Amino acid sequence: RLSTRVRTRCRLRGPTMSANYSNIKTTPVDKRFPTMNQANHCWNRYNEYVMCLKKTDGDEDACKNMRQLAVSICPDDWTSKWDEERDEGKFAGVKYPSN
């Protein structure tokens, strides 16, 4: 049970936070990854994005949703690193060069 102090703080932040983040979407729950550690979920989402690029001959617009799912669950450092690795041909996942 939350203390009165914490509930008050949450109430004060609530409307402000929801107004600022109303358009943010994240990846839906994936029953293949039931644990708190979402590293495997992140890796899977990023590789699904790369597979989409591969299937659509690099059409970024067609894979925009898949990219959003990956970015929403993965740390920025990881997606940046993997994008760079794809540029350099060193990415350990699905092989498709970055544009």
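So, here's what we can say about the structure. (Residues numbered from 1 in each chain as written. Predicted model: local features only at pLDDT ≥ 70, side-chain atom pairs only at ≥ 80, totals over all residues. Heavy atoms only, no water.)

1. So, the overall build of the chain
Phase 1 of the analysis: Along its length, the chain carries four helices and zero strands.
Phase 2 of the analysis: Listed by position from the N terminus, the elements making up the chain come as α-α-α-α.
Phase 3 of the analysis: The buried share among the 99 residues of the chain stands at 28%.
Phase 4 of the analysis: The contacts of the chain with a sequence gap of at least 6 include a subset with a gap of at least 24, amounting to 55%. (Helix = DSSP H or I, 4+ residues; strand = E, 2+ residues; numbered from the N terminus. Buried < 20%, exposed > 50% of the residue type's maximum accessible area, 1.4 Å probe, protein only. Contact = heavy atoms within 4.5 Å.)

2. Topic: unusual backbone geometry
Residues other than glycine predominantly adopt negative phi, and peptide bonds predominantly adopt the trans conformation.
Phase 1 of the analysis: A positive phi angle is found at D57, which is not glycine, with a value near 55 degrees.
Phase 2 of the analysis: On the basis of relative accessible area, D57 is assigned to the exposed category, the value being 69%.

3. Brief notes about the packing of aromatic side chains
Phase 1 of the analysis: Across all of its chains, the model carries seven aromatic pairs by this definition.
Phase 2 of the analysis: Aromatic side chains W43 and W82 sit 5.1 Å apart centroid to centroid with 75 degrees between the ring planes, which places their arrangement in the edge-to-face category. Here W82 lies in helix α4 (residues 76-88) and W43 lies in helix α2 (residues 39-55), a separation of 39 residues in the sequence.
Phase 3 of the analysis: Classification of W43 by relative accessible area gives partly exposed; the value is 32%.
Phase 4 of the analysis: The structure contains a cluster of three or more aromatic residues connected by ring pairs, namely W43, Y46, Y49, W78, W82 and F91. (Phe/Tyr/Trp six-rings, centres within 6.5 Å; stacked < 30°, edge-to-face > 60°.)

Nothing here speaks to function; it is all geometry.
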